[in-house]
Amino acid sequence: MKHVLFTALAGLLAVPAVACTNFLVGKKASATGSTMISYAADSHQLYGELYYQPASDHAAGAMRQVVDWDSQKPLGAIPEVAHTYRRVGNVNEWQVTIAESTWGGDEKLMDPEGGIDYGSLIYIALERSKTAREAIDVMTQLVADYGYYSSGETFSIGDPDEVWVMDMIGKGPGNKGAVWVARLIPEDCIAAHANQARIHTFPQSKKLNKKKNRYEVGDSCLYSADLIPFARQCGKFDGKDADFDFAGAFADRDHGAFRGCDGRVWAFFNHYTKGMDKYFPFINMDCSPNCPQDSILPLYVKPEKQLTHRDVQNAMRDHFEGTPLDMTQDVGGGPFHSPYRWRPMTWEIDGKTYMHERAVATQQTAFVFVAEMRGWLPREVGAKTWFACDDANTAVFCPVYNNILETPLCFREGEADMLTFSWNSAFWMNNWVAQQVYARYEPMMVDVRAVRDSLEDRFDAQQAEVDAKALELLKNSSAACADYLTKYTAAESNGATARYKDLGIYLLVKYMDGNVKKEVAPGQFERTQYGVPASPAHPRYSDDFYRAIVNQRGNSILYKK
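Here is a short report on the structure shown in this document. (Residues numbered from 1 in each chain as written. Predicted model: local features only at pLDDT ≥ 70, side-chain atom pairs only at ≥ 80, totals over all residues. Heavy atoms only, no water.)

## Focus on the overall build of the chain
The helix and strand inventory of the chain stands at 12 helices and 25 strands. The C-alpha radius of gyration of the chain comes to 25 Å, within 12% of the 24 Å expected for a compact globule of 561 residues. The C-alpha extent of the chain, read off along each of the three principal axes, is 85 × 65 × 45 Å. Within the chain, buried positions represent 56% of all 561 residues. The contacts in the chain between residues at least 6 apart in sequence include a share of 69% that link residues at least 24 apart. Surface exposure of the chain reaches about 23700 Å², of which carbon and sulfur atoms provide 52%. Taking the average place of the 59 positive charges on the side chains of the chain and the average place of its 71 negative ones, the gap between the two points comes to 2 Å. (Helix = DSSP H or I, 4+ residues; strand = E, 2+ residues; numbered from the N terminus. Rg over C-alpha atoms; globule rule 2.2 N^0.38 Å. Buried < 20%, exposed > 50% of the residue type's maximum accessible area, 1.4 Å probe, protein only. Contact = heavy atoms within 4.5 Å. Areas by Shrake-Rupley, 256 points an atom, 1.4 Å probe, with all protein chains shown as cover. Lys, Arg positive; Asp, Glu negative; His and termini not counted. Charge placed at Lys NZ, Arg CZ, Asp CG, Glu CD.)

Next up, the structure:
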């Protein structure tokens, strides 16, 4: 989603500046052999819900309406295909998963007459693709046929065997289509992108596929036939073809792009790969604008261990803890060392501009998921999304099987929205908890983690049994399998939402007015022998916060004996 709102588009796109983060895991980099893609849809206006579209048959001549995902502006209609596949969230019935992050680039390359926006590219491709490669074909053909409405975008595209990263940008008004490059991530590697184009130099070929109008380098790199000529034409590149750098040509190259965007990629890699200190100067712009190629943050790295879905979930909760960018360690974190900073991201003081860190986990997330594509299982059972609404750090990742007949009430479209509260909504219940945590982060997160982790532990413990039962039912009846997985997904997701409603009540009672009520057991508050609530504890602020007050107020607040 967009991290830049171009001034030139202010009248066209009534949307705020938003941003997203994606992590990708190859099947040999995964502990189970599944491929994985994670996605945080971060926005100050987007409500978190689970999009659902059943498989459908369409009559000849049927048309599909295209609506811009961000603004809901109608863009027109395109011919429908005879059959479209079921999609649950960003995963379809063939275990194809597509996610994105927006990086903007030159606003002159946006086409206000384009017929397909980045969100529609995702969901149309999911409806029409059985593999990641087929999704790339669908997406690139759509923009060629109908024009590209959005700005610079990076897509994660995966299936049970492969995960790809594709960078794309439009060609401007009167020049229908887009230029793009897509790279296959090696099976034993992990990759990431976060609102910055991620493909720099790439393998090139003279092998032109005329039918698809693209160059193909073996089976691991694809790029539009006019990519480098177009970059020259619009003044983005003037070197040798072999030196062409997609991100260098088309993406922003400022502190926000490197530190605020590639910094999140670096944080993910840093968790699981040694030697990432080498790339810190790159994300800190210490070698910008012309960094040596070997100092540029790579598109992918090989992790020191194979990752589980819990590893990826926890990586989506990162705030640079334990690194030089740790957001809990400066005065901005307040007395309870919060890793959250309210917007704006940059501000000016005494004639100088400063910035907050932009972490992976952030308060304005609409929804977040980790998709597991499990190729060793039938597709009716294999595709599984660990789905949550709101901030990944405070929310619970619930198990959502793709073979469901309807979405759980807590995630259902239309149950609520950003301006309409519902106690049934996972988005609102997770916000109910998170808004309390932000005020007293360190102590409250102890209680939140206890509930959050116990729920996720239970989901993991149940997985083998649920898979086995679903497979047994599938042998005799696909309908019975779907019904079982629908009920299981609903029970666990709605149950976790109800548990968070109770957690919010517990936090309010326990921490009201800056006190901490005493407990005889978790959730059981202490009373005197006469039934009166026991006197609460009055925990002090941290020493560093007291020192910050003294440094500002000095002797004016010195206690006089």
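There is more to say after this.
## Re the side chain of D68
By the secondary structure assignment, D68 is in the loop between β5 (63-67) and β6 (74-79). Owing to a relative accessible area of 1%, D68 belongs among the buried residues under this scheme. In terms of polar contacts, D68 uses its side chain to reach the side chain of S71, at 2.7 Å. (Polar contact = N/O pair within 3.5 Å; in protein donor to acceptor, adjacent residues only side chain to side chain.)

## Some thoughts on the nonpolar core
Ranked by internal contacts, the top residues of the largest apolar core, which has 162 residues, are I98, F155, I157, L227, F244, F250 and F367. Once residues within four sequence positions are removed from consideration, F250 is found in contact with W103, G105, D106, L109, I169, V179, L227, F230, A231, C234, K236 and F244. (Core = buried A, V, L, I, M, F, W, Y, C linked by side-chain atoms within 4.5 Å.)

## What to know about the pairing of strand β21 (residues 365-373)
Taking burial as the measure, the 9 residues of β21 include 9 buried ones, the bulk of the element. Strand direction decides the pairing type here: strand β2 (residues 35-42) and β21, joined by 8 bridges, are antiparallel. Across the sheet, the residue bridging to T35 is M373, located in β21. The sheet contact formed by β21 and strand β22 (residues 383-389) spans 7 bridges and is antiparallel. If you follow F367 over to β22, its bridge partner there is C389. (Pairing = 2+ DSSP bridges.)

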